[in-house]
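Chain and residue survey
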Amino acid sequence: MNQRIIIFLFFISTLFRLTATAQDFVKTEEDKDSKKDAKSFVVRSLDEKTQKIHIMPDYFRHILRISCLKDTITDYDFWGVPVETHLLNKQFLEIKYAVRGGSGIGAEDIMLLCVSNNKLCESMHVQSFLTGESGDEQENFNIKIAALKGVDRKTYKLVVNVHDAVNSKRDPASNYKYNNQTILSFDASRNVFYSIKQDLYQSFINVYDPKNRNTQKTSIGGNFPAIILGKETCYFIKGGWYQFADNKELYPYAAGTTK
């Protein structure tokens, strides 16, 4: 009996070492890829200073960090694949990255960042891509930035193409296909793009606060910028982008993003 126990413990110990070795190998390789795919961009801040924005993926931990001189954004919803980047007008950095989705769902977010007073500004942070099937229904949502027009904060306009479609075999009456181009203005005081500004005076439940890892009830009052992209509407409130859930809950759009 003792010999069997010894053999069993030896087997478990060996299996544990092999698993740990495999994990260490994966981590080492993904750390190498993370360092290889790290990027830096030189931008002109909104207060006319030269700044550098660093993009640092962590593929092993599924974390995306973006930093400038005195600020860092950390996204814990990062799926762990290389990001797409594009510099607009030397002041705005467009970042597209895959996020966690459910089974059979592909999803991407898009951030449009600028720098002001040595701080990163999320001028836009919305869903850029969603595709998936549920039963016999297929959904496809996709937005693309077509152009940035204007020369300063008073004249900036962002042109965005929107495609939104649902195809259901079970309920054909619910099918729709929406293609449109929308033009967003720029709020020079908040440094964000918007479609309209809307009054909100209610109490909401923040579904998830990634910084404190809890839910909390918050009273909202004021006039806030909103981005309308097809059926999707996001509000810029207290320095972040939010959506309504069931018309009573205020959900932080990028629930895994913290500063």
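Residues numbered from 1 in each chain as written. Predicted model: local features only at pLDDT ≥ 70, side-chain atom pairs only at ≥ 80, totals over all residues. Heavy atoms only, no water.

**Describing the side chain of Q91**
Applicable threshold: Elements are defined by DSSP. Helices are runs of H or I of four residues or more, strands are runs of E of two residues or more, and each kind is numbered from the N terminus. In this analysis, two residues are considered to be in contact whenever any of their non-hydrogen atoms come within 4.5 Å of each other.
Within the fold, Q91 resides in the loop between β5 (84-88) and β6 (92-98). Not counting residues up to four positions away in its chain, the partners in contact with Q91 are R44, S45, L46, E48, L113, C114 and Y156.

**What about unusual backbone geometry?**
Glycine aside, residues mostly have negative phi, and peptide bonds are mostly found in the trans state. Note the cut-off: Buried residues are those whose accessible area, probed at 1.4 Å on protein chains only, stays under 20% of the maximum for their type, while exposed residues exceed 50% and partly exposed ones sit between those limits.
For N89, which is not glycine, the phi torsion reads 55 degrees and is therefore positive. Looking at where N89 falls in the secondary structure, it is placed in the loop between β5 and β6. Given the relative accessible area of 35%, N89 is considered partly exposed. In this structure, N191 is a non-glycine residue whose phi angle is positive, near 65 degrees. Mapped onto the elements of the fold, N191 is located in the loop between β11 (176-187) and β12 (192-194).

**Side note on the pairing of strand β15 (residues 232-237)**
Here is the rule we go by: Here a strand pair is declared whenever DSSP counts at least two bridges between the two strands.
Summarising the sheet, β15 and strand β16 (residues 240-245) pair through 3 bridges and their orientation is antiparallel. When the sheet's bridge partners are listed, I237 is paired in β16 with G240.

**Re the pattern of salt bridges**
Quick note on the threshold: Put simply, a salt bridge is a Lys or Arg side-chain nitrogen that is within 4 Å of an Asp or Glu carboxyl oxygen.
Under the criterion given, the structure shown has 6 salt bridges. Ionic pairing is found between D37 and K36, a salt bridge with its closest N-O pair at 3.1 Å. For D187, the salt bridge is made with R190, and the minimal N-O distance between the two is 2.8 Å. A relative accessible area of 31% means that R190 is categorised as partly exposed. One continuous salt-bridge network, built from bridges that share partners, spans D187, R190 and K197.

**Comments concerning the sheet that holds β12**
Note the threshold: Note on definitions: angles span 0 to 180 degrees between N-to-C directions of axes, and those axes are lines fitted to C-alpha atoms, for helices only across the stretch in contact.
Strands sit in the order β5-β6-β7-β8-β9-β10-β11-β12 across an open sheet of 8 strands; the sheet is antiparallel. Each edge of the open sheet is held by one strand with a lone partner, namely β5 and β12. The average undirected angle you get between the axes of adjacent strands in this sheet is 20 degrees. Sheet analysis places strand β10 (residues 157-168) next to β11, joined by 9 bridges and oriented antiparallel.

**Quick notes on the environment of T233**
Mapped onto the fold, T233 is located in strand β15. Distance from T233 to Q243, taken between C-alpha atoms, is 6.5 Å for residues 10 residues apart in sequence. T233 has contacts with A226, I227, I228, Y242 and Q243, leaving out every residue within four places of it along the chain.

**Comments concerning the sheet that holds strand β1 (residues 39-44)**
Strand order in the open sheet formed by 5 strands is β1-β2-β3-β4-β18, and the pairing between neighbours is antiparallel. Single-partner strands in this sheet number two, and they are β1 and β18 (257-258). The pairing of strand β3 (residues 63-68) with strand β4 (residues 71-75) spans 5 bridges and is antiparallel. Residue C68 lies in a different strand from β4, and its bridge partner there is D71.

**Section: the packing of aromatic side chains**
Where we set the bar: Centres within 6.5 Å make a pair out of two Phe, Tyr or Trp rings, where for Trp the six-membered ring is used; the pair is then stacked when the planes are under 30 degrees apart, edge-to-face when over 60, and tilted otherwise.
All chains considered together, the criterion is met by 8 aromatic pairs. Relative to F78, the ring of Y59 has its centre 6.2 Å away and its plane inclined at 25 degrees; by these criteria the two rings are stacked. Of this pair, Y59 sits in the loop between β2 (50-58) and β3 while F78 sits in the loop between β4 and β5, and the two are 19 residues apart along the sequence. Exposure remark for F78: the relative accessible area of 0% places this residue in the buried category. Arranged with centres 5.8 Å apart and planes meeting at 90 degrees, the rings of Y156 and F186 form a pair that is edge-to-face.

**Observations concerning the nonpolar core**
In plain terms, the rule: To define a nonpolar core, start from buried Ala, Val, Leu, Ile, Met, Phe, Trp, Tyr and Cys residues and group those joined through side-chain atoms within 4.5 Å.
Membership of the largest hydrophobic core comes to 48 residues, with the highest contact counts inside it found for I66, F92, M124, L158 and F193. The element best represented in this core is strand β7 (residues 105-116), accounting for 7 residues. Residues contacting I66, with those up to four places away along its chain left out, are I53, H54, D71, T72, I73, I95, M111, L113 and L120.

**Overview of the confidence of the model for the protein**
The test is simple: Each residue carries a pLDDT score, the predictor's confidence in it, ranging from 0 to 100.
The predicted model of the protein has a mean per-residue pLDDT of 84, with 81% of residues at 70 or higher. Per-element mean pLDDT across the protein ranges from 60 in helix α1 (residues 2-37) up to 98 in β12.

**Notes on the environment of L229**
With respect to the secondary-structure elements, L229 resides in strand β14 (residues 214-229). Judged by its relative accessible area of 3%, L229 falls in the buried class. For the pair L229 and Q127, spaced 102 residues apart in sequence, the C-alpha separation works out to 9.4 Å. In contact with L229, other than residues within four places in its own chain, are V126, F141, I143, V160, V162 and T182.

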